[in-house]
Each structure stands twice: as structure tokens, then as C-alpha cells.
Amino acid sequence: MKKTALLSLLLFTFIGCSESFDVDLPFGEKESINPGIENAFASTYKPMQSEPVLFKSANIYDGLGGEYFNYDLLISDGKISELGKSLSEEGVLVVDASNKWITPGIIDIHSHMGVYSAPGVSTSSDGNEATSPVTAEVWAEHSLWTQDPQFALALKGGVTSFHVLPGSANLFGGRGTTFKNISQNIIQAMKFPDAPHSLKMACGENPKRVYGNRKQSPSTRMGNMAGYRNAWIDAVEYTDGMNETDPDRRPTRDLGMDTLMGVLNGEILIQNHCYRAEEMAMMIELSKEFNYKVTTFHHAVEAYKIADLLADEGICAAMWADWWGFKHEAYDMVQANIAIIDQARNGTGCAIVHSDDAVGIQHLNQEASKAMAAGNRAGYDISKAHAMRWITSNPAKAAGILDQTGSIEIGKDADVVLWTGNPFSIYSRAEKVLVDGALAFDMNDPTVQPITDFDLGIIQPQTNRAQ
Amino acid sequence: MKHFSITLFLIFTFHLSAETILLKGGLVHAGNGSSAKIQDILITGNIISGVGQNLTIAGNTRVIELNGLPITPGLISPMSNLGIVEINALDVTRDDESDLLKAGFSIFNAFNPHSTVIPWNRSNGVTSAISSPGESSFPIFGLGSHFLLDGNLEIKGSRDIAMFGRLGSSYGSRAETISILESLLDIGAKVSTTPVEEILEMSLAEKFELQSQDIIALGRVVNNGLPFVLETNRAVDILQALALKEKYSLNLVLVSVEEAPMVIEQLKVSKTPVIIDPMDNIPNSFDELGSNLELGKVLDQAGIKIMFSTQRSHNYHLMRQGSGNAVAYGMSYESAIQGMTSTVAEVFNLGNRGIIKVGNLADIVVWDGDPLEPASFPKIVMIDGNIQTLASRSSKLTERYTNKEDKPSSYKH
């Protein structure tokens, strides 16, 4: 039976693994066994040219729960340099931001931009290596189409960084990568410098459906669990082998095992697609069996059922504000999900609003607004300043880039958005978007609106596709 | 069956149980295109019996003070799966497709008033909806019906009020699609002069394996002005659709129309209403290269009647977020309100709904804030004069999991 094209796309997109990492785990402390592995395909990102800019009299959400009214924000050398009252205007470009709002650049922890590019044709469907339930060896970044017009649309929505994941067809879908939202025609030039990779894992319906339909394992949820455990057993053996001091006793290098070893060594973060509460709890148990950490559960529609457990374990949940019903494991939606996670254990929970969608990524502020309102209707008292964390610092933490971005703090990357009004209102638009202090989008200046190669002359030869 | 279909075609149930209610001092967006003003609304039985200030009320009237809260007509989804799809990925919960029927496939008898999708959308302000068949490889999918979302087993709605189809890429050449559509419409034209039994034996009907239901339905589109709702995006396809409208005098409604700005003059002249998803600015296919957030503005400024769909299955209420984004990108506020209420009622002949005025049926929503802000939520939802519960499975789950009692969740109820 034919379903609508959109639904097929939706379900297909959901066929992804999620990766998770332990947010409490320090990275890079352990000396690498094989430094060559990490250096492959390293970021060559360079910020665009920028001049110092002073936003005068702005209202600011700092992304950590703080808010400032009528403050000046100075950006120089691509960094957030000063936040205060009546800062000096000398030698800097001054932008009047009165009655406007500034937030950190929005970050999406779950994107398939570039791997499920637009137009969504079969030749651009590069997000799922759905040929085996364990494909830890593939890297989503190796599929990226740099000319995907969706990047620029997300930028217009204030998104300055995003994490691209493989799909969820497989138990282990492969590595995910974080990008700065500056389109370049070389993939490494978009990669967020020093950001850790993730490994996407997937629970539930997708892997068992994809492989069960082919009469192979997994075809059940218990088959899923066996698949993860077998892979981790191999990974532990591989990691032990790689730790041998005698190089001759080390195993032959294996790309998939490299990735799993990276997780066991705390260098690669687990992003775990998982809808149901008991499955998330089981994945936590699995992580303890093999001594790794889950960073984030993605599409965690039932996270609210185990909110305290997630807070206790220091695991983030990345959620939609209200998607549900497209599949059975997405049936128990509550709109207060994000707020319940946030407020667990005296507000120590880590809640993230994610998109998994090229439209949704452009309106994460609206999604956060809905989630906040639903939480407050459910009895919580969540401020806008606090809810801003769900789309800035919390996803930055989950992507392992909070030291560099995700909040308005002195010294951090100047990834910021100037909004025409309060970003929790549907009428507000991202007016200026800065990435590392450089103006990357300006709604009032067509020369500062990216146009991909794809957009050039594609409808009329003498004009470009309007974004 | 004859009796059944007649009574269900359009039922105005008079609820003796409904109270007389005065909604006092709300900011009324009447849905008629005029700007909102503070007014009282009197509801007697299932009918709006007074709109204005200082209305005379009887002693037993229940007065609800609103202190300026916004009021709109109940929202009407023009294109949904409400009541006919419970879980998209589970075929056993879907009733939106037919293996046998095509143009004449009616989803009416599949409607499940107990679907969990109904209370969720109702509690979010959607009081009625048109449910339509799912997309199929055949260019015409079948007939949609209008349903009130009060959840009663005594289903209230209008049966088979529009035919749905598509024109564009996806299954074979669009040239073939246009040719098939023309052949089908030609068959429909014959219904006024030729018995259906004879048409069934014509080679085209046999070739397409048409059933009598298909032929009768096609006849209604060509001969009786049944709305023909065609999804199309590419600019030149929109022109092809308008040519079909001209040739067959169709009561055409276009869906999606992402490249409409390129043919805005022709669309305007044709007076064709549209259903759009204002948030879909993704060039999802090579048919949609002109996709843009300003679609609503361009259509609105051309005076075209606009309604809203949403890509989000199960969340048809999100047409509020869609229309809010359209307003943020230049559409007029009141056109946005109309697009979710009176325009749907007018285009699909839903009778006296969709506008808050004396004599209309009382489908009314009172909001806790600006209805175009997605963070806003209904305070009161009224269908046919009856105040509805705002409970849903979702609200029950929320209560259960915000209840801090120390016992297994199964005992929290």
C-alpha cells in the first residue's frame, strides 16, 4: 500500500541510530592508542573574516538561564568579549539592538541535513547504510552534500551548529559529526573544530523492522539487545588487543571496531535513538555491562516516564515538542515531556529540543516555546530564560562543544543570534546570525544571505532560487 | 442504507442538554475578516443567539467572564486523517486507503469517533475536520468527509464533500497523469446523460477498472460542483490544473502550490482557493523549487482564499503555528484566522459554521493567549454549543507522571 511521500520520508528519516555520550565524562584525557585514527578527516574550519561589533541595549538570554535587559554585548576576534552597560563604542561597528533580543546561536543535536538533502531524491538518500545491523564503520560526514539548500534555511532560523547523524535502520548506525553552519564546498571545512564524534545507536521498531523484513536478525527487541551485546563483546576484545604493548599482538585494524573502541575509551559520544522508557532503561543497563556512557537519548517520547533515572545518570534527552503517533513507539506523547525532564531531581535534568527535520530545525525557538508553555500548564514554573537552555547550552553539552559555544559567556565563540523580538514569540525572526563573530545571515541584506550552488539559476537562468 | 446516507449528509442535532451560556467580555475574532473586538457571545442550545455588548440574558444563563481572552470560531482542518488513521506505521490501524475503489472511495464509514487523535486535536482547538483518503498511485484518491470532533458514536458530519487527487511528479509522467485526469473527467461528464451501467462497460472505465461508485463520484465533480482538491506544486502544473478547471468548469481547490507566486495572476483570475503549509519552505522535490516562507503573503495579497494543512501527522492543530509563521512573513492576521475557520466552511460548503455570528452553530474556542502563538492553549472548547472536555490520553499521562505519590504508576489514576 502506498503511503504519502511525506510519511515515507518521515519514517525513513526516523530510521536512524542515535548516539549518546556521557556528559560527565571528560574527553581527551586518555592517550590515544592510535593517534592516526583521530586525525583522519580533521576539521579545517576557519572562521570567516569579522570586525568587532557592539550590540547596544540588547535584551539577552545567555543560554544558561540568565537574562539581561538593556545590556551591551561586544564581539571581537570572533569571540564574546564583553557584556555590560554602556560599553565603549570606539572603533567598533555599533548595532542598535534596543527592543530586540540576543541569544546564543541555536544548536540542533539531531539533524540529517546534508545526508538527506533537498530535494529528497533517491540519489541524495545517504543517511542510512541499511545493509547490516552493525555499521559502526560508516561516518555520516562522508555522505554530506555541501550544497544542500537546507543548511542556509536553518541558518535563517538562527541555527549556528548542528550535529549530523546517520539514520536509525541499524543497531549501530555509524559516526555523527558536528558542523558549524557555514557552508563550504569541502566537508572538513564545515566541521566544528575539536568536536568529538558520536556513535549512533538505535532501539526499537526501526532495526527490527528493517532486518526482520529481510528474515534476518534482529527481528525482535530481544534480537536488538543481543545484537548490541555481541558487538560490544567484540569491541572489548578489540580494545584490549589494541592496548597490547607489543604491536605484533594487536589485532588488524577494523573501522567499525575503531568506533566502538572510541566509545569505550570515552572519546566518542553515544547518541541513542530510543523512544520507549523501558528500552532506554535497558540501554543504560547495557552501557554499564560494557562500561561506556550514554550521552543522549534521541526522540525520547517516553523519557518523562523515567525522568529521575535520566537525571541520576546524567543523560540528556532530546525530544520533539509534540510529534507523535506516526509509529507505535511514539504513541505516548505528552507535551510536558521536555519540562518534566528539565525539572527532574530538582531541576538537574538535561532536556533538549531537537528537530530531526529540515523544517523543524528552522523553528526550534517555537518548539521550545510550546514545550515551556505545556510544562507550565502542567504545574511547573519555567522561565523563558531557562527554556532557552533546551536549544543552546544543553545541545552543546550533548555534542561535547559546550566549552566553545552554546552560551553567551566571555571568551566563547561568538555564535549569536539577534532576534527582531522575543524569540519565544512566533512573530520574531532571526535578524542577524553570527558564526564566530562573522555575520553569516542578515535578513535585511541580501548580500549576507547564503545561496548554494544548487540555488543558482535553477528556476530561471538569470536569477537564483529565493530562500 | 438510503435513510442512513440522507440523515448523515448534514445533521444539525439539537442538544436539549446544552445550557444557555454567555461568554462575557472576550476578544472576539469572528472569523469574518474584520479585526477583533471585545464582545459577549450568547449561546442558546447549539446556536449562537447573540453577539455584541450588553446582551439581554435570561436568569438561568451561565455567565463565563473572559476578561479579554481571545475567542475564535472552532478551528476546522481542511485536510486530515482524523478518525481514519490511528498509527501511521501500523496498516491495521489505517482506513485511508482502498485496493478496489478510486475516485469513489469514501472514508466516511471508517470514521472512528474514539480515536485518541480526536481528543488531542480537540483540546488544542480543532472542533471539526475534513478527513481525506491517503495518497495513492492513481491520481485520484477518493472522497473526503467532514466530521465534528465531539467524539460521539452518533457521528455528525457531512459525507463525501470533496474529491482528492494530485498532479505532479512521483508516479510516472505527469503528461500521463493529466491524460488520465481528463479521461476520468470525461467519464464523469457522461453521468448526466448516460446510465452508470452503460458507462461501466466503456473501454476507458474497464481499462481503469472503475466501479460504479467511482463513476458516480466523478459525475458529482463534473456535473454538480463537488470540490475537487488537487495537490500540485510546479508552476506549470498549476497552470495545467487551472486549464482543467476551465475546461470542465470544476470547483477546484489546489493544495500545496509552492510555486504559486510564479503564476499568481492566473491563480487570482481563476479565483481558486488553496490549502498551504506555510512552514514548508523545503524544496523537497524538483516540483517545489520555488518553495518559500512568503507563500502565504503573496497569496493573501492577491486576494486568494487560503486554508492550512500541516505536515505533522496527528497534530492538525499545528495549522495555528503554520498560519502564525505566515503572518510573521507578511500574511494578514485576520486572513490567517479565516484560513482556519470561515474559509474552510465556505469553500467546502460546511453550512453555518466557521464564523461567530447570530444563527451559526456554536463551535467556539476561548484561548489563554494569542491564538496564533503556538504556546497558547484553549481554555474552553465548544462544539455545537456543548463545552467539551480538554482531557486526552496525553493529559492523562501527564497527570500520572507528574503525580509524586510513591507507588507504581499503574496505581496512579
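Bear in mind the structure is a predicted one, so any value in this text is a computation, not a measurement.

Procedures and definitions
- Residues numbered from 1 in each chain as written.
- Chains lettered and ligands numbered in written order.
- Predicted model: local features only at pLDDT ≥ 70, side-chain atom pairs only at ≥ 80, totals over all residues.
- Helix = DSSP H or I, 4+ residues; strand = E, 2+ residues; numbered from the N terminus.
- Buried ≥ 20, exposed ≤ 12 C-beta atoms within 10 Å, placed from the backbone.
- Contact = placed C-beta atoms within 7 Å.
- Rg over C-alpha atoms; globule rule 2.2 N^0.38 Å.
- Pairing = 2+ DSSP bridges.
- Nonpolar A, V, L, I, M, F, W, Y, C, P; charged D, E, K, R; others polar.
- Core = buried A, V, L, I, M, F, W, Y, C linked by C-beta atoms within 7 Å.
- Axes fitted to C-alpha atoms, helices over the stretch in contact; angles between N-to-C directions.
- Expected span 1.5 Å × (residues − 1).
- pLDDT = per-residue confidence, 0-100.
- Right-handed = clockwise from strand over helix to strand, strands pointing away.

A look at the overall build of chain B
Phase 1: The helix and strand inventory of chain B stands at 13 helices and 16 strands.
Phase 2: For chain B, the spread of C-alpha atoms along the principal axes amounts to about 65 × 50 × 45 Å.
Phase 3: The buried share of chain B, reckoned over its 413 residues, is 58%.
Phase 4: In chain B, the proportion of contacts linking residues at least 24 apart, taken out of those at least 6 apart, comes to 69%.

A closer look at the overall build of chain A
Phase 1: Within chain A, the secondary structure is distributed over 12 helices and 16 strands.
Phase 2: Relative to the globule expectation of 23 Å for 467 residues, the C-alpha radius of gyration of chain A, 22 Å, shows essentially globular dimensions.
Phase 3: For chain A, the spread of C-alpha atoms along the principal axes amounts to about 65 × 50 × 50 Å.
Phase 4: Split into buried and exposed, the 467 residues of chain A put 60% on the buried side.
Phase 5: Once local pairs closer than 6 in sequence are excluded, the contacts in chain A between residues at least 24 apart make up 72%.

Overview of the pairing of strand E9 (residues 157–166) of chain B
All names here are of chain B.
Phase 1: Of all 10 residues in E9, 10 are buried, a share of seventy percent or more.
Phase 2: As defined by bridge partners, strand E8 (residues 140–148) adjoins E9 across 6 bridges and the pair is classed as antiparallel. By the bridge assignment for E9, Phe147 is matched with Gly157.
Phase 3: Both E9 and strand E10 (residues 228–232) contribute to a ladder of 4 bridges, which runs parallel.

Remarks on the interface of chain A and chain B
Phase 1: Taken together, the contacts link 50 residues of chain A with 43 residues of chain B.
Phase 2: Those elements that provide at least two residues to the side of chain A that touches chain B are helix H1 (5–14), helix H3 (150–156) and helix H10 (364–377) of chain A.
Phase 3: With 6 residues, H10 of chain A is the single largest residue contributor to the side of chain A that touches chain B.
Phase 4: Here the side of chain A that touches chain B is built from residues that sort into 29 nonpolar, 11 polar and 10 charged.

Some thoughts on the nonpolar core
Phase 1: Core analysis: the biggest nonpolar cluster contains 142 residues, and Ile102, Ala300, Ala303, Ala317, Ile341, Ile352 and Val353 of chain A have the highest contact counts within it.
Phase 2: With 104 residues, the next largest nonpolar core counts Leu167, Leu185, Val222 and Val347 of chain B among its residues.

Structural notes on the sheet that holds strand E7 (residues 126–131) of chain B
Sheet strands pair via backbone hydrogen bonds, and the direction of the pair is either parallel or antiparallel.
Residue and element names in this part refer to chain B.
Phase 1: Strand order in this open sheet of 8 strands is E6-E7-E8-E9-E10-E11-E12-E13, and the pairing throughout is mixed. Here the strands that pair on one side only, and so sit at the sheet edges, are strand E6 (75–80) and strand E13 (306–308). Averaged over all pairs of adjacent strands, the angle between strand axes in this sheet comes to 30°, irrespective of strand direction.

Quick word on unusual backbone geometry
Phi is mostly negative for residues that are not glycine, and the peptide bonds are mostly trans.
Residue and element names in this part refer to chain A.
Phase 1: The omega angle of the peptide bond from Ala118 to Pro119 is -10°, so this bond is cis rather than trans.
Phase 2: For Pro119, the position within the fold is in the loop between strand E6 (106–111) and H3.
Phase 3: Looking along the chain, the bond that leaves Ser217 and enters Pro218 is cis, with omega of 0°.
Phase 4: Position of Pro218 among the secondary structure elements: in the loop between helix H4 (205–212) and helix H5 (221–242).
Phase 5: Here the phi dihedral of Asn70 falls at roughly 60°; this positive angle occurs in a residue that is not glycine.
Phase 6: Within the secondary structure, Asn70 is located in strand E2 (residues 67–76).
Phase 7: Although it is not a glycine, Asp356 adopts a positive phi angle of roughly 55°.

Overview of helix H6 (residues 212–223) of chain B
Residue and element names in this part refer to chain B.
Phase 1: The terminal C-alpha atoms of H6 lie 16 Å apart, and with 12 residues this matches the ideal 16 Å at 1.5 Å per residue to within 8%.
Phase 2: Most of H6 sits out of view: 9 of its 12 residues are buried.
Phase 3: When H6 is considered as a whole, its buried residues turn out to be Gln213, Asp214, Ile215, Ala217, Leu218, Gly219, Arg220, Val221 and Val222.
Phase 4: Two residues or fewer past H6, Gly225 is found with a positive phi of approximately 70°.

Things to note about the environment of Leu295 of chain B
Residues and elements named next belong to chain B.
Phase 1: Tracing the backbone through its elements, the reader meets Leu295 in helix H9 (residues 295–301).
Phase 2: Considering only alpha carbons, one finds Leu295 and Lys102, 193 residues apart in sequence, at a separation of 31 Å.
Phase 3: With residues near it in sequence (within four places) discarded, Leu295 still touches Glu258, Ala260, Pro261, Ile276 and Pro278.

Quick notes on the confidence of the model for chain B
All names here are of chain B.
Phase 1: Of all residues in chain B, 96% attain a pLDDT of 70 or more, and the chain-wide mean is 94.
Phase 2: Taken as a whole, residues 1–16 scores under 50 in pLDDT and shows 16 contacts with residues more than four places along the chain or in a different chain.
Phase 3: For this predicted complex, the interface score ipTM comes out at 0.94, alongside a pTM of 0.94.

What about the pairing of strand E12 (residues 316–319) of chain A?
Residues and elements named next belong to chain A.
Phase 1: Burial along E12 is two-sided: the residues Cys316 and Ala318 and Ala317 and Met319 are all buried.
Phase 2: The pairing of strand E11 (residues 294–298) with E12 spans 3 bridges and is classified as parallel. Its bridge partner lying in E12, Thr296 is registered against Cys316.
Phase 3: For the segment spanning E11, helix H8 (residues 307–313) and E12, crossover handedness is right-handed.
Phase 4: Bridge analysis of E12 against strand E13 (residues 350–353) gives 4 bridges, and the strand direction is parallel.

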